[in-house]
Amino acid sequence: MTYTEKKERSHHFVLALRMGLPIFLLSVIALYYLFTQPDTTLASLIFFFFILLATAIYFLFFLINQSGYEHITEPTTHTFTPEYFFKIYQSWTKHKIGTIVMISIDNLMDINERYGVKNGDEVLQKTAIQINKFFGSKEIKVLPVCRFKGGDFILLLMGEKDDYTPLVELFLAKYQEYIIKDIEVRFSAVLLDTKHIKNQKEILTRLYELQYANKDKKTFTDSDNIIPAQLERSVLDALHLHRYSIALQTVCCDKIPLSVASFKLIDEKGGFIHQSRFIPFLNRIGKMREFESDILAMVVAMASNDSSRYALTLSTVTLRNGFFFQYALELLQRYPDAKEKVIIMMDEKEYCPQIKRFREQISQYRSVGYKIALDKYGGNHTTMMYLKDFQVDYVRFDPLFARHIKEEKYQYLLEGLNRAAHLSGVATWMNMIEDEQSDEIAKRLKINYRQGNFHGKITLKDRE
C-alpha cells in the first residue's frame, strides 16, 4: 500500500470519527439525563428521542456535506491534491531541507487526442503506480505524491537534491521507452531542493522554468545557489542601471565583417547573471520588451559607429509588439548609418496563429532597414514554415547539424536544406564550427556563413 493510500484511509477514519463520535456522545448524555430524572415519563422519553434523532440526522448530513470539501486525493490517480500536498510540504520542510521532484508525461496531450481521454486517464493512473513502485523499491516508503496539473506529478523527498539526482536519472533511463497498452509514454523530470527556495509559488515557478529549459537539454536540476528574492533584486537593479555584458563572436566569411552579439546582466558584485535565470523572470514581470529594447539600442549604436554588421536574437513576442516596432524604427532614424547592418535573429516553437499580420510586420522591419534571420533551420518545424511564409535574409542551421556534420546522412540533409534556402533567395549560416574538417565540409556544401570557435572564440566587448 502506498503512502498516499494510507493517508487517505486514515483521513476517512478520522472523518468517520468526527461524524459518529459527537452523535454517540450526544445520545449517551441525553439518555443519562432522561433516566436520572424522577419525573421522566414515556411521553417525554419519546419526545427527547425524536429531538435526538432529528439532531443526529441534521448533524450527520451537515458533516457529510462538509466532507465533500475535505478531499485529500484527486479521483483520477488517487494521489494527493495540491492543497494537501503542500500542507505536508510546509510541515516537513519547516526545519529541514527537502527535495521537490516533478516528473512529467510530455506527450499526454497527444495521448488524449490520439487514444482518447479514457486511455489518457489510465496512463495517468499507471504512471502514479509506477512512480510509487520505483521509489518504493529504493526503500523510500513514505513518498507524498500529487498530480499538480495535466501530466505533471510532484514528489517530496527529504534531503538535498544531490542525494536524489542519480535516482531520478535512473527513473528516466529505466522508463525512457515505457509502453502502456501499446501507448508510448515519454517522461521528463526536473528537481530542486528547499535550501534557497521555501515559498510554494516560487518553487512551482522554478520547477516550470527548469522544465522549459530541459526541453532544450540545457539543465536537469537547479544549479543556482542564489536566493530568488536576491536574484530578482539583482536583475531589476541591473536592468535599471543598464549593467550589461556584451559578448561578440566573429562570423566567417564575407567582405563585410559580421559578429553575433549576446548579452548577460551584471550583478552588484560584478558577476554575470545568465540568460537562463533572468529571462524567465523578466517574462513573468513584463519587462522583456524593456530589456530587448535596450540591447537593440546598443547593437544599433555599435553598427552605426563602424562598418561591421551585428546579429542579435530577439523574441518573436517582442517583435510582434507595435510599441517595440515604433521604437526600432526611431532607432534607425536616430542612427541612419546602422541601416542594413543589424540582423534580427528569431526562432519560435509554436506557429503564430496571426500569420498574415506577422508577415506584414516582418516586411516592415526589412523595409525600414533591418535584416531578418531565422534560427534553428532544419531542426525547428516552425522555422521551416516561416521560411515559406516570410521574405527573410538568412537562415541559421540547427546546432544538431554542426555536431553531426561529419556524418554522411547529415551532409545529404544539409545539401538539400541549403539548396532549398538558396532557391528561396536566402543566405545560409552554420554555427558551432569547431575544427578545420567541419569547416571544409561546410564550405564544400556551399554554406554562406560559418561561425564557431574555429573562426573566433566569444570575446567580451569593452563598454564605453
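Residues numbered from 1 in each chain as written. Predicted model: local features only at pLDDT ≥ 70, side-chain atom pairs only at ≥ 80, totals over all residues. Heavy atoms only, no water.

J.: Help me understand the sheet that holds strand 3 (residues 152-158) in this model?
T.: What the four strands build is an open sheet, ordered 2-3-1-6; its pairing is antiparallel. Of all the strands in the sheet, the pair left with one neighbour each is strand 2 (145-149) and strand 6 (187-193). Each neighbouring strand pair of the sheet contributes to a mean axis angle of 25 degrees, computed without reference to strand direction. Pairing between strand 1 (residues 98-105) and strand 3: seven bridges, direction antiparallel. The residue of strand 3 that forms the bridge with Ile-100 is Leu-156. (Pairing = 2+ DSSP bridges. Helix = DSSP H or I, 4+ residues; strand = E, 2+ residues; numbered from the N terminus. Axes fitted to C-alpha atoms, helices over the stretch in contact; angles between N-to-C directions.)

J.: Got a minute to help me understand helix 5 (residues 117-137) in this structure?
T.: Structural remark: α-helix, 3.6 residues per turn; residues separated by three or four positions point the same way. Over its 21 residues, helix 5 extends 30 Å from the first C-alpha to the last, a length consistent with the 30 Å expected when each residue adds 1.5 Å. Within helix 5, burial applies to Gly-120, Val-123, Leu-124, Thr-127, Ala-128, Gln-130, Ile-131, Asn-132, Phe-134, Phe-135 and Gly-136. Just past helix 5, the residue Glu-139 takes up positive phi, approximately 65 degrees. (Expected span 1.5 Å × (residues − 1). Buried < 20%, exposed > 50% of the residue type's maximum accessible area, 1.4 Å probe, protein only.)

J.: It is not clear to me how the state of the cysteines should be interpreted in this structure. Could you clarify?
T.: Each disulfide consists of one covalent bond between the sulfur atoms belonging to two cysteines. Considering all chains together, one arrives at one disulfide under this definition. The residue that forms a disulfide with Cys-252 is Cys-253, at a sulfur-sulfur distance of 1.1 Å. In this structure Cys-252 comes out as buried when scored by relative accessible area, which is 12%. On the basis of relative accessible area, Cys-253 is assigned to the partly exposed category, the value being 42%. (Disulfide = S-S within 2.5 Å.)

J.: For this particular structure, what's the right way to read a nonpolar patch on the surface?
T.: A cluster of nonpolar side chains, Ile-46, Phe-49, Phe-50, Leu-53 and Ile-57, forms an exposed patch at the surface whose accessible area comes to about 480 Å². Among the secondary structure elements, Leu-53 is positioned in helix 2 (residues 42-67). (Patch = residues over 30% accessible without salt bridge, like charges linked within 9 Å, V, L, I, M, F, W, Y side chains within 5 Å. Areas by Shrake-Rupley, 256 points an atom, 1.4 Å probe, with all protein chains shown as cover. Salt bridge = Lys/Arg side-chain N within 4 Å of Asp/Glu carboxyl O.)

J.: Honestly, the packing of aromatic side chains in this entry has me stumped. Any pointers?
T.: Aromatic rings in a pair are described by how distant their centres are and how their planes are angled relative to each other. Across all of its chains, the model carries 26 aromatic pairs by this definition. With a centroid separation of 5.1 Å and an interplanar angle of 80 degrees, the aromatic rings of Phe-358 and Phe-390 are classed as edge-to-face. Of this pair, Phe-358 sits in helix 13 (residues 355-368) while Phe-390 sits in the loop between helix 14 (381-389) and strand 13 (394-397), and the two are 32 residues apart along the sequence. Of the two residues, Phe-358 and Phe-390, neither departs from the other in class, the shared state being buried. Ring centres of Tyr-394 and Trp-429 lie 5.9 Å apart, and the angle between their planes is 75 degrees; on these two criteria the pair is classed as edge-to-face. Here Trp-429 lies in strand 14 (residues 427-430) and Tyr-394 lies in strand 13, a separation of 35 residues in the sequence. In this structure, Tyr-394 and Trp-429 share a single accessibility class: buried. Following the ring pairs from residue to residue traces out a cluster consisting of Phe-134, Phe-135, Phe-171, Tyr-175, Tyr-178 and Phe-187. Sitting above the plane of the Phe-358 ring, Arg-320 keeps its charged end 4.6 Å from the centroid. (Phe/Tyr/Trp six-rings, centres within 6.5 Å; stacked < 30°, edge-to-face > 60°. Lys NZ or Arg CZ within 6 Å of the ring centre and 35° of its normal.)

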